[in-house]
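Chains, contacts and geometry: an overview
One letter stands for each residue in the lines below.
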Amino acid sequence: MKKTLKTGRPTFLSILCVFGFFGCFLRTILVISPIIQAQGRWYAVYLSLSAVVMILCLFGLWLMKKWAFWAFLIYFILNTGINWGMGLLNLKTLFFNPQDFASFALVPLILITSLIFYRRLD
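This section reports on the structure supplied with the text. (Residues numbered from 1 in each chain as written. Predicted model: local features only at pLDDT ≥ 70, side-chain atom pairs only at ≥ 80, totals over all residues. Heavy atoms only, no water.)

Another aspect to go through is the overall build of the protein chain. Assigned secondary structure in the protein chain consists of six helices and zero strands. Order of helices (α) and strands (β) in the protein chain, N terminus to C terminus: α-α-α-α-α-α. Seen through its C-alpha atoms, the protein chain measures out along the principal axes to roughly 60 × 25 × 20 Å. Sorting the 122 residues of the protein chain into buried and exposed places 34% on the buried side. Contacts in the protein chain between residues far apart in sequence, at least 24 positions, make up 70% of those at least 6 positions apart. (Helix = DSSP H or I, 4+ residues; strand = E, 2+ residues; numbered from the N terminus. Buried < 20%, exposed > 50% of the residue type's maximum accessible area, 1.4 Å probe, protein only. Contact = heavy atoms within 4.5 Å.)

Structure representation (C-alpha cells):
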C-alpha cells in the first residue's frame, strides 16, 4: 500500500479559514457603510465581488485544493494593489490601527500556512 502525505486539513488552516469566512461576512456588511459609499458606487460593488472571490478561495482551501492557493495569491496581489492605488492602504494606518492590521494580515497568514502544507493540497 502506498503511504501518502495527505492526512487531512491542518487544524490551524481550518481556524484561519473560519476567521476568513467571518471576515467575508463583515466585509459584506461594510459595503453599506458611509465610508465605503464615499469612495464611489463602483468600490462598493468591487468590495462585494472581492468578498465572493475570497469565499470561493477559502472554500477551495477548506477542501485542500491547489487552485485555491494560487487564486488566493492572485486575489491578494490584485486587492492590495487596488487598495494601495486608491490610497486606502498605507503603512502608517496598517501598523497603528489593530483592526486594519488584523484584516490585512489574515490573508498572508492563510497563504503562508497553505504554502507550508502545499504538498497536502490536491
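Let's shift gears to the pattern of salt bridges. If you walk through the whole model with that rule in mind, you get one salt bridge. Among the ionic pairs, D122 bridges to K65, the shortest N-O distance being 3.9 Å. In this pair, D122 sits in the segment after helix 6 (98-116) while K65 sits in the loop between helix 3 (41-62) and helix 4 (66-85), placing the two residues 57 residues apart along the sequence. Relative accessible area serves as the criterion here: at 45%, D122 is assigned to the partly exposed category. (Salt bridge = Lys/Arg side-chain N within 4 Å of Asp/Glu carboxyl O.)

Membership of the largest hydrophobic core comes to 19 residues, with the highest contact counts inside it found for M54, L58, L61, F72, V107, I110 and L111. Counting only elements with at least two residues in this core, the list comes to helix 1 (11-30), helix 3, helix 4 and helix 6. Excluding residues within four positions of it along the chain, L61 makes contact with R9, L13, C17, A68, F69, F72, I110 and S114. With six residues, the next largest nonpolar core counts V31, A44, Y46 and L47 among its residues. (Core = buried A, V, L, I, M, F, W, Y, C linked by side-chain atoms within 4.5 Å.)

With 22 residues, helix 3 extends 32 Å between its outermost C-alpha atoms, agreeing within 8% with the 32 Å of an ideal straight helix rising 1.5 Å per residue. Residues of helix 3 that are buried include every one of Y43, A44, Y46, L47, S50, A51, M54, C57, L58, G60 and L61, and no others. M64 lies just past helix 3 and shows a positive phi near 65°. (Expected span 1.5 Å × (residues − 1).)

The next point concerns the packing of helix 1 against helix 3. Close contact between helix 1 and helix 3 brings their axes to 9 Å; oriented N to C, the two are set at 165°. Comparing their axes, helix 3 and helix 1 come out roughly antiparallel. Like other packed secondary-structure pairs, helix 1 and helix 3 cross with a definite hand, here left-handed. Where helix 1 approaches helix 3, its residues L13, S14, C17, V18, G20, F21, C24, R27, T28 and L30 are matched on the opposing element by L47, S50, A51, M54, I55, L58, F59, L61 and W62. (Axes fitted to C-alpha atoms, helices over the stretch in contact; angles between N-to-C directions. Parallel < 35°, antiparallel > 145°, perpendicular 65-115°, else oblique. Left-handed = near helix turned anticlockwise from the far one by under 90°.)

Nothing here speaks to function; it is all geometry.
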